[in-house]
Amino acid sequence: MATDGRGRFAALLAGAGIAALAAPAAQAQTQAYRFHADHVLGTSLDMVAVAGDPATALMAAQAARDEIGRLDAVLSGWRADSELSALNAAGRMQVSADLYRVLAACERWRAATGAAFDPRLGSVLALWRAAEASGTVPDPARLGRMGAQIDAAEVGLDPATRTVTRPLAVVFAPEALAKGYVVDAALAAARAAAPGLAGLMVDIGGDLRCWGQAPGAQGWVVGLADPAAREDNARPALLLAAGDRAVATSGRSDRDFEVGGATWPHLLGGRANTATVVAASAADADALATALATLEPAAGVALVDRLDGYEARVVDETGAAHHSAGWTSLVLDQGADARLIRVSDAPAAAAAPWPARFALTVDYVLPAFQKARVHPAYVAIWVTDDANRLVRAVTLLGDKLDYIGENYIWWRRYGRSRPQIVAAVSRPTKPAGKYSVVWDGKDDTGRPAGQGRYTLHLEAVREDGLHSYQSIPLTLGATPLQAAAPAGDELGATAVRYGPR
């Protein structure tokens, strides 16, 4: 866990473009307010607060943010000054109530999962990080000896004094449960600070918990990504009715170790499952999802079916999905288009469809700048037909209305007249780096756009920076093609590939 401190949120208030998440008509006196912050616990924080006024929503959001900052100082495995780091440097220590609860829950889940969830592997993780730096894979015999010592160790937990005894072989690494614990605590802190709050969703890096009134009539709805679709703008593979529950997903990610030209799973279980768990608390969902990501799928699902109040889905290395007995009761729509957009002037579908499995992949670059403080760029990527009509808004990076409009080509021609599309596809800004998005050949109504002549547009602007615009004409037919655009001030060189995925 790592955080950038207790900075204030920028509230996106109802009615302001992408933040206009309307409440049901029967509860029209409330609105949904969205908040986003980067660099929170090493990832990003998103919140949706349903309240009768912006002051209540902001009070709830700030209380949640303050609680996250407080717990980071307790539970972070990355901060040398955290309470967890102090415990890992000592053999025996009286700890705070929060750290004790986290470690006690970790040990319970370790026992329940047969150590598939194991919070004691800090020394093994450190060895893999050193291997990543050196490029040499750790000696399997050494890893085996370390594992045997950890399994044989006796961790002492005294609830009367909250004293933890840590054997020499054990280095606590409870992040897989601690992040969920922070989500739960942040939601509780927000509710306590803002009694007028009607509903709340707290999402830290994809692990989330929902409570109370949702923005829409369907209640809290969570979209699950397809594990095989790693693009930034990949659509949800299915939609879940979350209700007043938590949802956590674990699996292969960009936290995996790159050693000797190969990728090794950061979960250390050797499998490449992706597991999603729905539970009453984010801490429990987080821990169980981590275990299911390393267990043989059938054994993992059998474990979930023995537990009360849990449902789960495990996608194995072949892409096959395995789920618990009650999982299907949570699924709202399989393979859904979560955006539910209908645009009256969308072009009619062309006669000839794209070849099977074809897609348009756009690899773009946000340049790095040698300055002390650089604001991230707002980016718009969209596709028009040969009559200059909008076919598909592929992705929008940035969620402050003041700056969305600075991408003036996108905004003046298309964005300001289509707030539904802006709300549906907008995502947080990203730091400098290389990114990829995919157009699947469908228009903004979900219909196939078909073969024909199109133009891909990319536009970027940055606060205290410059403006860049690229347009790439494309004739998309029955055969693959490649195209490119040169770098500008705020966009690096763009590469486009049309063909089988």
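Residues numbered from 1 in each chain as written. Predicted model: local features only at pLDDT ≥ 70, side-chain atom pairs only at ≥ 80, totals over all residues. Heavy atoms only, no water.

1. A closer look at the overall build of the protein chain
Okay, step 1: The helix and strand inventory of the protein chain stands at 11 helices and 26 strands.
Okay, step 2: In the protein chain, which comprises 501 residues, the share counted as buried stands at 50%.
Okay, step 3: For the protein chain, contacts bridging at least 24 residues in sequence account for 64% of all contacts bridging at least 6.
Okay, step 4: For the protein chain, the exposed surface amounts to about 21900 Å²; the carbon and sulfur share of it is 52%. (Helix = DSSP H or I, 4+ residues; strand = E, 2+ residues; numbered from the N terminus. Buried < 20%, exposed > 50% of the residue type's maximum accessible area, 1.4 Å probe, protein only. Contact = heavy atoms within 4.5 Å. Areas by Shrake-Rupley, 256 points an atom, 1.4 Å probe, with all protein chains shown as cover.)

2. Concerning the packing of aromatic side chains
Okay, step 1: For the structure on display, the rule yields 10 aromatic pairs.
Okay, step 2: Arranged with centres 5.9 Å apart and planes meeting at 35°, the rings of Tyr-364 and Tyr-435 form a pair that is tilted. Remark: Tyr-435 occurs in strand E22 (residues 433-439) and Tyr-364 occurs in strand E18 (residues 358-366); sequence separation between them is 71 residues.
Okay, step 3: Assessed through its relative accessible area of 1%, Tyr-364 is described here as buried.
Okay, step 4: Taken together, the ring pairs in this structure connect Trp-354, Phe-358, Trp-439, Tyr-454 and Tyr-498 into an aromatic cluster.
Okay, step 5: Over the ring of Phe-369 we find Arg-462; its NZ or CZ atom is 4.3 Å from the centre of that ring. (Phe/Tyr/Trp six-rings, centres within 6.5 Å; stacked < 30°, edge-to-face > 60°. Lys NZ or Arg CZ within 6 Å of the ring centre and 35° of its normal.)

3. Here's the deal with the sheet that holds strand E26 (residues 494-500)
In sheet architecture, strand pairing relies on hydrogen bonds along the backbone and comes in two forms, parallel and antiparallel.
Okay, step 1: The 4 strands are arranged E22-E18-E26-E25 in an open sheet whose pairing can be described as antiparallel. Each edge of the open sheet carries a strand with a single partner, namely E22 and strand E25 (481-485). Across the sheet, the mean angle from the axis of one strand to that of its neighbour is 20°, orientation sign disregarded.
Okay, step 2: As paired elements, E18 and E26 share 6 bridges and run antiparallel to each other. Following the sheet pairing, Leu-360 is matched in E26 by Tyr-498. (Pairing = 2+ DSSP bridges. Axes fitted to C-alpha atoms, helices over the stretch in contact; angles between N-to-C directions.)

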